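Okay, here's what each chain looks like letter by letter:
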Amino acid sequence: MNNTSFLRILAVLEGISYLLLLGICMPLKYVYEYPDPTRPVGMVHGILFIAFLIWVVLVGTDKKWDLKTYSYAFVSSLLPFGTFVFDKKYLKK
């Protein structure tokens, strides 16, 4: 498995963890006053977020991405569904 393939996997996992955190854990915590799942899901999301950014730098350096592509990658990690769009637009070729 090469770095690009691993980045694609990280992009999907990071996106799923972000959606779980925002769509399930946060409503459970603030609407239903049930905060228990927020901590483990948040921890997993944080680890995947950092790993995604590290692999963006590794793959970007290897593929000689320009600043625009790096910017899309970093911004995509902050937006819901962003990593899925980044994967489809820049990594799936």
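Here's a quick rundown of the structure.

Cut-offs and rules
Residues numbered from 1 in each chain as written. Predicted model: local features only at pLDDT ≥ 70, side-chain atom pairs only at ≥ 80, totals over all residues. Heavy atoms only, no water. Phe/Tyr/Trp six-rings, centres within 6.5 Å; stacked < 30°, edge-to-face > 60°. Buried < 20%, exposed > 50% of the residue type's maximum accessible area, 1.4 Å probe, protein only. Lys NZ or Arg CZ within 6 Å of the ring centre and 35° of its normal. Helix = DSSP H or I, 4+ residues; strand = E, 2+ residues; numbered from the N terminus. Axes fitted to C-alpha atoms, helices over the stretch in contact; angles between N-to-C directions. Parallel < 35°, antiparallel > 145°, perpendicular 65-115°, else oblique. Left-handed = near helix turned anticlockwise from the far one by under 90°. Contact = heavy atoms within 4.5 Å. Nonpolar A, V, L, I, M, F, W, Y, C, P; charged D, E, K, R; others polar.

### What to know about the packing of aromatic side chains
- Inspection of the entire model under this criterion finds 8 aromatic pairs.
- Summarising the aromatic geometry, the rings of Trp65 and Tyr70 are spaced 5.9 Å apart at their centres and angled 75 degrees between planes, so their arrangement reads as edge-to-face. With respect to burial, Trp65 and Tyr70 carry one shared label: buried.
- Grouped by ring-pair contacts, the aromatic residues Phe52, Trp65, Tyr70, Tyr72, Phe74, Phe86 and Tyr90 constitute a single cluster.
- The ring of Tyr72 is capped by Lys89, whose NZ or CZ atom sits 5.3 Å from the centre of that ring.

### A word on the environment of Asp36
- Looking at the element boundaries, Asp36 is found in the loop between helix H1 (3–30) and helix H2 (38–63).
- The spacing of Asp36 and Phe84 is 48 residues in sequence and 27 Å in space, taken between C-alpha atoms.

### Quick notes on the packing of H2 against helix H3 (residues 67–76)
- The geometry of H2 relative to H3 is characterised by a closest axis approach of 10 Å and an angle of 165 degrees between their N-to-C directions. The angle between the axes of H2 and H3 places the two elements in the roughly antiparallel class. Our pair here, H2 against H3, has a crossing hand that is right-handed. Two secondary-structure elements touch here, H2 through Phe52, Leu53, Val56, Val57, Gly60 and Thr61 and H3 through Tyr70, Ala73, Phe74 and Ser76.
- Taken together, the residues of the contact of H2 with H3 sort by class into 7 nonpolar, 3 polar and no charged.

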